[in-house]
Amino acid sequence: MKYRRAKKLGRYIEYYNQSRPHQALYNFTPAHVHEVNNKSALLQELNEMKSKTRERPKAYWVQRSQELQPLMGGCPGKGRGEIVDPGAYREEIFDRQQPDFQKASDRDQK
């Protein structure tokens, strides 16, 4: 029984020192900090990791926009279409629309 507890305790200590990152050690494992044994090197490594982490989403969105570029605008297979003014047909739309007071009277009759 004692042997099992000692074995479990040994596995936990090994996990704690070898695998588990510690917040006080800049989220590095104690084994890694002990291996490097240089605070400035650790901080440099940490800054490199942070910059790579910041660049990853930027690279994703650049790639994504390049993939979607052919899909934006125009007819499929015919290239980009011309940009259309959204207000070009505004008057025609308003001419076809019923006045508000007419809509209200139609609802009241139903």
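The structure contained in this document is the topic of the report that follows.

Definitions and limits used
- Residues numbered from 1 in each chain as written.
- Predicted model: local features only at pLDDT ≥ 70, side-chain atom pairs only at ≥ 80, totals over all residues.
- Heavy atoms only, no water.
- Patch = residues over 30% accessible without salt bridge, like charges linked within 9 Å, V, L, I, M, F, W, Y side chains within 5 Å.
- Areas by Shrake-Rupley, 256 points an atom, 1.4 Å probe, with all protein chains shown as cover.
- Salt bridge = Lys/Arg side-chain N within 4 Å of Asp/Glu carboxyl O.
- Lys, Arg positive; Asp, Glu negative; His and termini not counted.
- Charge placed at Lys NZ, Arg CZ, Asp CG, Glu CD.
- Helix = DSSP H or I, 4+ residues; strand = E, 2+ residues; numbered from the N terminus.
- Buried < 20%, exposed > 50% of the residue type's maximum accessible area, 1.4 Å probe, protein only.
- Polar contact = N/O pair within 3.5 Å; in protein donor to acceptor, adjacent residues only side chain to side chain.
- Contact = heavy atoms within 4.5 Å.
- Phe/Tyr/Trp six-rings, centres within 6.5 Å; stacked < 30°, edge-to-face > 60°.

To continue, consider a positive patch on the surface. On the surface, a cluster of positive charge is contributed by Lys2, Arg4, Arg5, Lys7, Lys8 and Arg11. With respect to the secondary-structure elements, Lys2 resides in helix H1 (residues 2-18). For Lys2, a relative accessible area of 73% corresponds to the exposed category.

The next subject is unusual backbone geometry. Here Tyr26, not a glycine, exhibits a phi torsion of approximately 60 degrees, which is positive. With respect to the element layout, Tyr26 can be found in the loop between H1 and helix H2 (30-36). When its relative accessible area of 32% is taken as the criterion, Tyr26 is described as partly exposed. Positive phi values are uncommon outside glycine, yet Asn37 reaches one of about 55 degrees. When its relative accessible area of 66% is taken as the criterion, Asn37 is described as exposed.

This part covers the side chain of His22. Following the sequence through the fold, His22 ends up in the loop between H1 and H2. Within polar-contact distance, the side chain of His22 engages the backbone oxygen of Tyr16 at 3.1 Å. Those residues in contact with His22 that lie beyond four places of it in its chain are Tyr16, Asn27, Phe28 and Pro30.

With that out of the way, let us pick up the packing of aromatic side chains. For the coordinates displayed, the defined rule picks out three aromatic pairs. The interplanar angle of 45 degrees and the centroid separation of 6.2 Å between the aromatic rings of Tyr12 and Tyr15 together place this pair among those described as tilted. Taken together, the positions of Tyr12 and Tyr15, both in helix H1 and three residues apart, correspond to about one turn of that helix. When the ring of Tyr12 is compared with that of Tyr16, the centres are 6.0 Å apart and the planes differ by 35 degrees; the resulting orientation is tilted. Of this pair, Tyr12 and Tyr16 both sit in helix H1, four residues apart, which is roughly one turn of that helix. Judged by its relative accessible area of 46%, Tyr12 falls in the partly exposed class. We classify Tyr16 as partly exposed; its relative accessible area is 31%. Members of the aromatic cluster, each reached through a chain of ring pairs, are Tyr12, Tyr15 and Tyr16.

Turning our eyes to something else, we now look at the pattern of salt bridges. Evaluated as defined, the whole model comprises one salt bridge. The closest approach of N and O atoms between Glu55 and Lys58, which form a salt bridge, is 3.6 Å. Of the two residues, Glu55 and Lys58 are both situated in helix H3 (residues 39-68); the distance of three residues between them amounts to about one turn of the helix. The exposure class of Glu55 is partly exposed, given its relative accessible area of 44%. We classify Lys58 as exposed; its relative accessible area is 51%.

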